[in-house]
Amino acid sequence: MDEYSRFVDWDKMDVSAQSQDTKELSCTEFQELKHLARQGYWAKNHCLRAKVYHKLISSIPCRTVTPDANVYRDIVVKIVGKRSSSSLPLPEFVDNSLVPTYCLNAEGIGAVRKIILCIANQFPDISFCPALPAVIALLLHYSKDEAECFEQVCRILACNDPSKRLIDQTFLAFESSCMTFGDLVNKYCQAAHKLMVAVSEDVLEVYSDWQRWLFGELPMAYVARVFDVFLVEGYKVLYRVALALLKFFHKVRAGQPMESDSIQQDIRAFVRDIAKSVTPERLLEKAFAIRLFSRKEIQLLQMANEKALQQKGITVKQKSCALQRGQNVHLAVHAENFKSEIVSVKEMRDIWSWIPERFALCQPLLLFTTLEHGCSLSRFYSHSEGHEPTLLLIKTTAKEVCGAYLSTDWSERRRGGNKLSFFGTGECFVFRLQPEVERYEWVIIKHPELATAGPETENHSSPAPSTLSSGSGPSEPSDRLSPFLSARHFNLPSKTASMFMAGSSECIIVGGGDGQALYLDADLNHGRTSHCNTFNNQPLCSENFQISVLEVWGFRD
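Model, not experiment: these values are computed from the prediction.

S.K.: Can you walk me through the overall build of the chain in this structure?
M.R.: When helices and strands are counted, the chain shows 21 helices and eleven strands. Taking all contacts inside the chain whose residues are at least 6 apart in sequence as the whole, residues at least 24 apart take part in 74%. Only carbon and sulfur atoms are counted for the fraction: they give 48% of the accessible area of the chain, which is about 23,700 Å².

S.K.: Honestly, the packing of aromatic side chains in this entry has me stumped. Any pointers?
M.R.: In the structure shown here, the tally under the stated rule is 26 aromatic pairs. An aromatic cluster is defined as three or more aromatic residues linked by ring pairs; in this entry it consists of Trp352, Trp354, Phe359, Tyr405, Phe429, Phe431 and Phe555. Across from the ring centre of Tyr381, 3.6 Å away, lies the NZ or CZ of Arg413, which sits over that ring. The ring of Phe429 carries the charged tip of Arg439 above its face, separated from the ring centre by 5.4 Å.

S.K.: Looking at this structure, how should I read the packing of helix α11 (residues 220–233) against helix α14 (residues 280–289)?
M.R.: Two numbers describe how α11 lies on α14: the axes approach to 9 Å, and their chain directions differ by 40°. In terms of their interaxial angle, α11 and α14 are classed as oblique. Crossing of α11 against α14: the hand is right-handed. Of the residues in α14, those touching α11 at Ala221, Tyr222, Arg225, Val226, Val229 and Glu233 are Pro280, Glu281, Leu283, Leu284 and Phe288. Taken together, the residues that form the contact of α11 with α14 break down as eight nonpolar, no polar and three charged.

S.K.: So what exactly am I meant to see when it comes to the environment of Cys159 here?
M.R.: For Cys159, the location among the structural elements is in the loop between α6 (146–157) and α7 (171–188). Taking the C-alpha atoms as reference points, Cys159 and Cys62, separated by 97 residues in sequence, lie 4.3 Å from one another. Beyond its immediate sequence surroundings of up to four residues, Cys159 is in contact with Ile60, Pro61, Cys62, Lys164 and Leu166.

S.K.: It is not clear to me how the nonpolar core should be interpreted in this structure. Could you clarify?
M.R.: Nonpolar side chains in soluble globular proteins tend to be buried together. The biggest cluster of nonpolar side chains holds 121 residues, and the ones touching the most others in it are Ile119, Ile136, Trp210 and Phe227. In terms of residue count, the dominant contributor to this core is helix α12 (residues 236–253) (eleven residues). Three or more residues apiece are contributed to this core by two domains, here domain 1 (1–168) and domain 2 (170–329). Those residues in contact with Phe227, other than ones at most four positions away along the chain, are Tyr53, Val135, Leu138, Leu139, Ile156 and Phe215.

S.K.: In this structure, what is going on with the environment of Glu400? I would like to understand it.
M.R.: Checked against the element boundaries, Glu400 lands in the loop between β2 (390–396) and β3 (401–406). Note: C-alpha distance between Glu400 and Ile342 (58 residues apart in sequence) is 9.7 Å. If we ignore the near neighbours within four places in the chain, the residues touching Glu400 are Ile394, Lys395, Gln434, Cys541 and Ser542.

S.K.: Help me understand unusual backbone geometry, please; the structure alone is not making it clear to me.
M.R.: Leave glycine aside and you will find that most residues have negative phi; peptide bonds, for their part, are mostly trans. With an omega dihedral of 0°, the bond running from Glu388 to Pro389 counts as a cis peptide bond. Note on placement: Pro389 falls in the loop between α20 (377–384) and β2. The linkage connecting Gln434 with the following residue, Pro435, adopts the cis geometry, with an omega of 10°. Even without glycine at this site, Cys103 takes up a positive phi of about 60°. Within the secondary structure, Cys103 sits in the loop between α3 (69–80) and α4 (106–122). Unlike most non-glycine residues, Lys399 shows phi in positive territory, near 70°. Secondary-structure assignment places Lys399 in the loop between β2 and β3. On the accessibility criterion, Lys399 (59% relative accessible area) is exposed.

S.K.: Could you clarify how one ought to interpret α7 in this entry?
M.R.: For an α-helix the count is 3.6 residues per turn, leaving residues at separations of three or four pointing the same way. Taking 1.5 Å of rise per residue, 18 residues should cover 26 Å, and α7 covers 25 Å from first to last C-alpha, within 8% of that figure. The buried fraction of α7 is high, at 18 of 18 residues.

S.K.: Would you take a moment to explain the side chain of Gln302 for this structure?
M.R.: Structurally, Gln302 is set in helix α15 (residues 295–312). In this structure the side chain of Gln302 is engaged in a polar contact, spanning 3.0 Å, whose partner is the side chain of Arg165. Within polar-contact distance, the side chain of Gln302 engages the side chain of Thr180 at 3.2 Å. Among residues more than four places away in sequence, those in contact with Gln302 are Arg165, Ala173, Ser176, Ser177, Thr180 and Tyr239.

S.K.: Please clarify how the confidence of the model for the chain should be interpreted in this entry.
M.R.: In regions of low pLDDT, the predicted coordinates are not meant to be interpreted in detail. Per-residue confidence for the chain gives a mean pLDDT of 81, with 82% of residues at or over 70. Contacts for the low-pLDDT stretch residues 319–331, under 50 throughout, to residues beyond four places or in other chains number 38 contacts. The model gives residues 443–498 a pLDDT under 50, and that stretch makes 106 contacts with residues more than four places away or in other chains.

S.K.: Where do I start with the pairing of strand β1 (residues 363–369) in this structure?
M.R.: It is a general feature of regular strands that their side chains alternate between the two faces of the sheet. Counting buried positions along β1 gives five out of seven residues, so the element sits mostly inside the fold. In this structure, β1 lies alongside strand β11 (residues 544–556), joined through six bridges in antiparallel fashion. Bridge pairing links Gln363 to Arg556 in β11.

S.K.: Honestly, the pattern of salt bridges in this entry has me stumped. Any pointers?
M.R.: Oppositely charged side chains may form a pair once their charged atoms are brought near each other. The final tally for this structure, using the stated rule, is 23 salt bridges. Arg73 is the salt-bridge partner of Asp145, the closest N and O atoms lying 3.8 Å from each other. Pair noted here: Asp145 is in the loop between α5 (132–140) and α6 and Arg73 is in helix α3, with a separation of 72 residues, a long-range link. On the basis of relative accessibility, which here comes to 22%, the residue Asp145 falls in the partly exposed class. Among the salt bridges present, the one from Glu285 reaches Arg282, with a minimum N-O distance of 3.6 Å. Taken as a pair, Glu285 and Arg282 lie in helix α14 at a separation of three residues, close to a single helical turn.

The rules behind each value
Residues numbered from 1 in each chain as written. Predicted model: local features only at pLDDT ≥ 70, side-chain atom pairs only at ≥ 80, totals over all residues. Heavy atoms only, no water. Helix = DSSP H or I, 4+ residues; strand = E, 2+ residues; numbered from the N terminus. Contact = heavy atoms within 4.5 Å. Areas by Shrake-Rupley, 256 points an atom, 1.4 Å probe, with all protein chains shown as cover. Phe/Tyr/Trp six-rings, centres within 6.5 Å; stacked < 30°, edge-to-face > 60°. Lys NZ or Arg CZ within 6 Å of the ring centre and 35° of its normal. Axes fitted to C-alpha atoms, helices over the stretch in contact; angles between N-to-C directions. Parallel < 35°, antiparallel > 145°, perpendicular 65-115°, else oblique. Left-handed = near helix turned anticlockwise from the far one by under 90°. Nonpolar A, V, L, I, M, F, W, Y, C, P; charged D, E, K, R; others polar. Core = buried A, V, L, I, M, F, W, Y, C linked by side-chain atoms within 4.5 Å. Buried < 20%, exposed > 50% of the residue type's maximum accessible area, 1.4 Å probe, protein only. Domains from an automatic or database assignment. Expected span 1.5 Å × (residues − 1). Polar contact = N/O pair within 3.5 Å; in protein donor to acceptor, adjacent residues only side chain to side chain. pLDDT = per-residue confidence, 0-100. Pairing = 2+ DSSP bridges. Salt bridge = Lys/Arg side-chain N within 4 Å of Asp/Glu carboxyl O.

Put into structure tokens, the structure is as follows:
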């Protein structure tokens, strides 16, 4: 076919999808490249795609000394020797991951293993990189020989631009990316997340497969289209496509019985056979329709998750790591150690599945309960302060159960002096467990147009932003990464528009979630809610209610 066909088994390729039109790519502007990549400008021309890949990879900023094609030619014989390439052992850092063939011929399949071993020789600092075999197999399609493919992969691995993340090379980076993906699923794929919680004992184990879906299970035509955009836009594209895959999985399989005993296996099978239900163009269209957080915000979340793992001592892959990691949802709330007068172990596990992944690694710790500490707001504050985040649970005399996840220490309320001032971040949310389970997203995230639309105060709604005092706004210290959803990362009309919690000596206000707001009086015996009908959802609980039991839970390492 062309000079880049050495490793391709064209009998396995859909040649009809290839165009022989002579095309060139002369643009260098990012926005135009981004548009062309998403459009698939070079997707149907094998030779053009090879040239584009070379151009994009050559522009990656790398370490001063990055192994090139000549290095490969010098070391490959010494490393491989006379051994058959099919019998070459893979290094531990690929974690027994799939080595996809991607319509490669026999020479190409053997070349993948040879290149992996040579990379292991040149990059001793790589400790965990399960995506590497797939990346090599894909790039062999667009390389003239093994040495050229080796050089391209080395440039990707040696990227030294701190703002340009490409491939995870340590277990810490990989595992934190899995936690970050779990956080994004929690925000953007709530229906799918609910299904995962219902059928899996370890949700994070399911989400830890997200890179495998892309670099292992996804067919060649699909992964190549993803890689087209990835080389232009970076790591965020991978999150987008994985979220889209999960959305399609839930849409196609909703209401159907599981095909195996494992949701993990079902998702893998769906991704392998995705051509039966979704085209590559539709997959990318869905991926880019998701209004994902900015690259900066995702980076902050990733840093927070890495820090949480480091504090837990989870930095390298161990045989016991599955148990450490599995504390995410079900294992974090141990039935024998958990006792609440408001929620069952199962209900607490459901709540645990909603909270950010870095805190889901922790155990619940009871800080305050009206049954033991009395109905005193001052005691509520004294027991809750110094803990971040906290979980508020309320049971009414009408047997309703609701609550809130609160991202910020209650001591922040003092920043407003004697005035009622709001604080918190967009990771806060309110929820209802009885009579029906419902989680209410933060209104500013899903409906930014309502940021300044403060409800009327006589209807027991939160005061309009203009009536609130935000002080100077908390400046987050570097050791407390309460990440991307704080006011300073959004172009909102005022700091107060992004705040969620407020407290004074007279009352507590928690609100904003899909038009829901919760108010508690100083005696902690009475409360009320406001409900914005704009969102067509059920109220948090009765508009005016009496509190039967109130609990505050913290997070213990």
